[in-house]
Amino acid sequence: MKRDILVLGIESSCDETAAAVVRNGREVLSNVISSQIEIHTLYGGVVPEIASRKHIEKINLVIREALQNADVTLEQIDVISVTYGPGLVGALLVGVGAAKAIAYAAHKPLVGVHHIEGHIAANYIEHPALEPPFLCLVVSGGHTHLVQVQEYNRFEIIGRTHDDAAGEAFDKVARAIGLGYPGGPKIDKLAKEGDPHAIEFPRAKIDGAEFDFSFSGVKSAVLNYLNGCEMKGIQINRADVAASFQQAVVDVLVGRAVAAAEKLDETRIAVAGGVASNSALRAGMQQGCDAAGIELMYPSPVYCTDNAAMIAVQGYYEYMAGTRSGWDLNAVPNLKIGER
Ligand code: KG4
Ligand code: ZN
């Protein structure tokens, strides 16, 4: 009988300190997330040095809780996997340092995981039949990519943003209309009360790169609209602004993702990253995929935003493919997808 493989995943690339235990790459035994949102909200965004300090305070407690909740001891863990990039360097170093210390002391193999490849892998948790190849729309606070997942550890980038990431645009527009940080979920909520066609914001196309994105134009258009209203003394309807901005972003994401899947003959699209929990994006993707006969998948909200279960899942597939990180594993803040 095949022996179970237990992976301890560790994630600290931004403002969540997280640890999780996953069995055989698919079954989450525990998923502990300590969020720093409250403290960063005071500053309107993530303050890197505060993030590092909070990670160092929490990391051991979070790891211990993940083992306890999974009802396993460190001895029973087979592999330690950790996010080593991309992300904030000081934040990444805390997770990498902790993972190396544990792996070294407990004589366990260490596997460094790419954060975005982890986001993609979050889809394996609740879709047991999902295996590569498939197309993935990655939409997070720092990244917007269309990625062809060829194998569990082989990726081809089909499209990317030329400027802001989708989540970044949500956060900036939210700040401009006074919603605060993190803006994505707040725009999502407010937009439900607004008219998505009240204001026509631009849907940018990139010449010569049909699957690439640009969100700085729509963000600037919202800021110009707000300034224009203020100068003319017109009262803005924040819900209409939120809904119209969100619709412009969703239209572009859905259009490119479905067109890329059709061109590549992919019959399945998975969505990943924090913005994958956006309700308008889910509805828009469902409509677009239904019309094109494409199967759509996305993780539950808790696996869309940063978590360590996704790092343990990707760590499992890397481990099975033979990846082993050395004791010189370092944080790589600008690590590229597919880079090893
Ligand atoms: O994947 P994630 O947790 O962190 C990164 O790796 O960047 O994504 C965080 C981003 C933030 O920009 C946040 O505003 C956005 O995801 N987000 C959302 C929603 N929930 C989170 N954006 C739109 N609608 C949401 N419901
Ligand atoms: Zn993330």
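Residues numbered from 1 in each chain as written. Chains lettered and ligands numbered in written order. Predicted model: local features only at pLDDT ≥ 70, side-chain atom pairs only at ≥ 80, totals over all residues. Heavy atoms only, no water.

## Topic: the nonpolar core
Turning to step 1, where the next piece is worked out: Ranked by internal contacts, the top residues of the largest apolar core, which has 49 residues, are Leu137, Phe215, Phe245, Leu253, Leu281 and Met285.
Turning to step 2, where the next piece is worked out: Sorting the residues of this core by element identifies β6 (134-139), α5 (166-176), α6 (183-191), α7 (216-232), α8 (238-264), β9 (268-272) and α9 (279-292) as the ones contributing at least two each.
Turning to step 3, where the next piece is worked out: Take this core: its biggest share by element is 15 residues, from α8.
Turning to step 4, where the next piece is worked out: If we ignore the near neighbours within four places in the chain, the residues touching Leu281 are Val139, Val250, Leu253, Val254, Val271, Val275 and Ala276. (Core = buried A, V, L, I, M, F, W, Y, C linked by side-chain atoms within 4.5 Å. Buried < 20%, exposed > 50% of the residue type's maximum accessible area, 1.4 Å probe, protein only. Helix = DSSP H or I, 4+ residues; strand = E, 2+ residues; numbered from the N terminus. Contact = heavy atoms within 4.5 Å.)

## Focus on the packing of aromatic side chains
Turning to step 1, where the next piece is worked out: This model, assessed by the stated rule, comprises 9 aromatic pairs.
Turning to step 2, where the next piece is worked out: For the ring pair Tyr124 and Phe134, a centre distance of 6.0 Å and an interplane angle of 85° mean the geometry is edge-to-face. Residue Tyr124 is found in helix α4 (residues 115-126), and its partner Phe134 is found in strand β6; the two are separated by 10 residues along the sequence. No difference in accessibility class separates Tyr124 from Phe134, as the two residues are buried.
Turning to step 3, where the next piece is worked out: Note on Tyr152 and Tyr317: the rings are 3.7 Å apart at their centroids and 5° apart in plane angle, and the pair reads as stacked. Here the residue Tyr152 occupies a position in the loop between β7 (144-151) and β8 (154-160), and Tyr317 occupies one in helix α11 (residues 309-320), the gap between them amounting to 165 residues. A single burial state applies to Tyr152 and to Tyr317, both of which are buried.
Turning to step 4, where the next piece is worked out: Here a set of aromatic residues connected by ring pairs shows up, and it is made of Tyr124, Phe134, Tyr152, Tyr316 and Tyr317. (Phe/Tyr/Trp six-rings, centres within 6.5 Å; stacked < 30°, edge-to-face > 60°.)

## Digging into the packing of α7 against α8
Two quantities define a packed helix pair, namely the angle between the helix axes and the distance between the axes.
Turning to step 1, where the next piece is worked out: It is the contact of α7 with α8, at a shortest axis distance of 10 Å, that shows an interaxial angle of 160°. Considering the angle they form, α7 stands roughly antiparallel to α8. You can see that α7 and α8 cross each other, and the crossing is right-handed. Contacts between α7 and α8 involve Val218, Val222, Tyr225 and Leu226 on the former and, on the latter, Val241, Phe245, Ala248 and Val249. (Axes fitted to C-alpha atoms, helices over the stretch in contact; angles between N-to-C directions. Parallel < 35°, antiparallel > 145°, perpendicular 65-115°, else oblique. Left-handed = near helix turned anticlockwise from the far one by under 90°.)

## Overview of the coordination of the zinc ion (ligand 2)
Turning to step 1, where the next piece is worked out: For the zinc ion (ligand 2), the protein coordination sphere consists of His115 (NE2), His119 (NE2) and Asp306 (OD), at 2.0 to 2.1 Å.
Turning to step 2, where the next piece is worked out: One way to put it: the 4 donor atoms around the zinc ion (ligand 2) meet at angles of 96 to 128°, and that makes the site tetrahedral.
Turning to step 3, where the next piece is worked out: Between the donor residues of the zinc ion (ligand 2), the gaps in sequence give the motif H-x3-H-x186-D. Placement of both His115 and His119 in helix α4 is noted, with a separation of 4 residues, approximately one turn of the helix. (Donors = N, O, S within 2.8 Å, 3.2 Å for Na, K, Ca; no water. Tetrahedral: all angles 85-135°; square planar, octahedral: opposite > 155°, others 65-115°.)

## A short note on the sheet that holds strand β3 (residues 27-35)
Turning to step 1, where the next piece is worked out: Taken in spatial order, the 5 strands make up an open sheet running β3-β2-β1-β4-β5, and their pairing is mixed. Of all the strands in the sheet, the pair left with one neighbour each is β3 and β5 (110-114). Along the sheet, successive strands turn relative to each other by an average axial angle of 20°, direction set aside.
Turning to step 2, where the next piece is worked out: Where strand β1 (residues 6-11) meets strand β2 (residues 16-23), 6 bridges bridge the pair, whose relative direction is antiparallel. Looking at the pairing, Gly9 lines up with Ala20 of β2.
Turning to step 3, where the next piece is worked out: Its contacts with the sheet place helix α3 (residues 89-106) against β1, β4 (79-85) and β5, and it is angled at close to 155° to β4.
Turning to step 4, where the next piece is worked out: The sheet contacts of α4 involve β1, β3, β4 and β5, and relative to β5 the element is tilted by about 95°. (Pairing = 2+ DSSP bridges.)

## Things to note about unusual backbone geometry
Leaving glycine out, the prevailing phi sign among residues is negative, and the prevailing peptide bond configuration is trans.
Turning to step 1, where the next piece is worked out: The step from Gly85 to Pro86 runs through a cis peptide bond, and the omega angle for that step is -15°.
Turning to step 2, where the next piece is worked out: Assignment of secondary structure puts Pro86 in the loop between β4 and α3.
Turning to step 3, where the next piece is worked out: Going from Tyr181 to Pro182, the amide bond is cis rather than trans, its omega being -10°.
Turning to step 4, where the next piece is worked out: A positive phi angle is found at Asn24, which is not glycine, with a value near 50°.
Turning to step 5, where the next piece is worked out: By secondary structure assignment, the location of Asn24 is in the loop between β2 and β3.
Turning to step 6, where the next piece is worked out: A positive phi is found at His107, a non-glycine position, where the angle reads about 55°.
Turning to step 7, where the next piece is worked out: Assignment of secondary structure puts His107 in the loop between α3 and β5.
Turning to step 8, where the next piece is worked out: Accessibility expressed as a relative area gives 70% for His107, which makes it exposed.

## Here we look at the site of ligand 1
Turning to step 1, where the next piece is worked out: Around ligand 1, 19 residues are found, and the nearest of them are Gly141, Asp171, Asp188, Gly274 and Asn278.
Turning to step 2, where the next piece is worked out: Between ligand 1 and His119 there is a distance of 3.0 Å, counted from an oxygen atom to a side-chain nitrogen or oxygen.
Turning to step 3, where the next piece is worked out: In this structure, Asp171 approaches ligand 1 through a side-chain N or O atom, which is 2.7 Å from an oxygen atom.
Turning to step 4, where the next piece is worked out: When ligand 1 sits alone it has 560 Å² of accessible area, and the protein chains cover 88% of it.
Turning to step 5, where the next piece is worked out: Taken together, the elements giving at least two residues each to the shell around ligand 1 come down to α4, α5 and α6.
Turning to step 6, where the next piece is worked out: Tallied by class, residues from the shell around ligand 1 come to 4 nonpolar, 12 polar and 3 charged. (Near = heavy atom within 4 Å. Polar contact = N/O pair within 3.5 Å; in protein donor to acceptor, adjacent residues only side chain to side chain. Areas by Shrake-Rupley, 256 points an atom, 1.4 Å probe, with all protein chains shown as cover. Nonpolar A, V, L, I, M, F, W, Y, C, P; charged D, E, K, R; others polar.)

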